[in-house]
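Residues per chain are reported as follows:
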Amino acid sequence: MTEKMLNGRVAIVTGGGRGLGRAMTLGLARAGVRVAATAAREPAEVEQVAADIRAECGEDRVLPLLADVTREDDCARVVAAALKRWQRLDILVNNAGRGMKYVSDRFLNEPTRFWEVEPETWRMVMDTNVNGPFLMASAAVPQFLAAGWGRIINISMNHETMRRRGFSPYGPSKAALESETTIWAQDLEGTGITVNALLPGGAALTGMIPPTVDGAVRAALLDPDVMVAPLLWLASPAADGVSGRRLLANRWREGSPMDAIEEAGWPRIEQT
């Protein structure tokens, strides 16, 4: 049902070349969405996603772009490219992010205390994970407002991980992203634009997991495809009126989407 609602719409997926981003780009394209997928430094990855989509779907449903979400001009260029190609923009998936592997390859077993993190690394992670979604949303929202409809979906993580020992700056960056999600949803209330957070609900097998992780741990990680079904629902008109919330992908059940949201324990903030 959501696939029919999404056919012909246009989305941007940042960080669409690997992991969760690759799975979501493929999932949207298979549902009939035209997708502009970005990569900051690895054009070969996003080009491969585009080739896979073209081979499977047999039509032009993807636009691979090299763009860094920490650069305002790049964000504006991505929005402009999507509009030029397809004359509309409906969905923004803020997925591009930097994780703990930039602090240490041993972050899962040997926590790095916050004062041991290089300031340059801290700035890079925060710039990508906090400022990147802001810059992309700022570029996209005027198009959504003009259309009277839009979706901003911020890819987040478990609250437990945000508070995990040794997870600076990744944890604080995602806590900030959830604050952005809540505030932006209130700013956009009544416009037809919704803002929500989507997270796997557990550790997923992505490029953020270092290759040194042993096989048993790796086997227990969630498949990135867990994101696709709840993403399609959040991106569709079926989710009209759902905003300022977080959805756990591993709790998703077709036919009862609100169960995955309510169980996350983030009720809508009451105005005071």
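Small disclaimer: the values here were computed from a predicted structure and weren't measured.

Analysis parameters
- Residues numbered from 1 in each chain as written.
- Predicted model: local features only at pLDDT ≥ 70, side-chain atom pairs only at ≥ 80, totals over all residues.
- Heavy atoms only, no water.
- Pairing = 2+ DSSP bridges.
- Helix = DSSP H or I, 4+ residues; strand = E, 2+ residues; numbered from the N terminus.
- Axes fitted to C-alpha atoms, helices over the stretch in contact; angles between N-to-C directions.
- Contact = heavy atoms within 4.5 Å.
- Expected span 1.5 Å × (residues − 1).
- Buried < 20%, exposed > 50% of the residue type's maximum accessible area, 1.4 Å probe, protein only.
- Arc of directions from axis to C-beta.
- Salt bridge = Lys/Arg side-chain N within 4 Å of Asp/Glu carboxyl O.

Student: What's the story with the sheet that holds strand E3 (residues 62-66) in this structure? I'm lost.
Tutor: The strands making up a sheet associate through hydrogen bonds between their backbones, and the pairing can be parallel or antiparallel. Strand order in the open sheet formed by seven strands is E3-E2-E1-E4-E5-E6-E7, with parallel pairing between adjacent strands. Looking at the sheet topology across the chains shown, the edges are occupied by E3 and strand E7 (245-248). Neighbour to neighbour, the strand axes of the sheet diverge by 20 degrees on average, direction disregarded. Packed on one face of the sheet, helix H7 (residues 170-187) meets strand E5 (150-155), strand E6 (193-199) and E7 and runs near 155 degrees to E6.

Student: For this particular structure, what's the right way to read helix H4 (residues 72-86)?
Tutor: Since there are 3.6 residues in each turn of an α-helix, residues three or four apart along the chain are aligned in direction. Look at H4: 22 Å from first C-alpha to last across 15 residues, which is about the 21 Å you get at 1.5 Å a residue. Among the residues of H4, Asp74, Cys75, Val78, Val79, Ala81, Ala82 and Trp86 are the ones counted as buried. Looking down the long axis of H4, one finds its buried residues gathered within 155 degrees of arc, a one-sided arrangement. In H4, those exposed residues whose orientation departs by more than 90 degrees from the buried face are Glu72, Asp73 and Lys84. Buried residues along H4 sit in contact with strand E1 (10-13), strand E2 (34-39), E3 and helix H5 (119-147). Two residues or fewer after H4 comes Gln87, characterised by a positive phi angle close to 65 degrees.

Student: Just checking my understanding: could you explain the pairing of E7 for this structure?
Tutor: The side chains of a regular strand alternate between the sheet's two faces. Alternating positions in E7 separate into two faces, Arg245 and Leu247 on one and Arg246 and Leu248 on the other, with burial throughout. Strand direction decides the pairing type here: E6 and E7, joined by four bridges, are parallel. Looking across to E7, one finds that Leu198 is bridged to Leu247.

Student: Can you help me understand the pattern of salt bridges in this one?
Tutor: Working definition: two side chains of opposite charge can pair if their charged atoms are close together. For the structure on display, the rule yields twelve salt bridges. Note that Arg77 is salt-bridged to Asp74, the shortest N-O span being 3.4 Å. Linking Arg77 with Asp74, this pair stays in helix H4, spanning three residues, or about one helical turn. Ionic pairing is found between Arg113 and Glu116, a salt bridge with its closest N-O pair at 2.4 Å. Via salt bridges that share partners, Arg9, Arg88 and Asp90 belong to a single interconnected network.

Without other data, these values stay purely geometric and don't point to any function.
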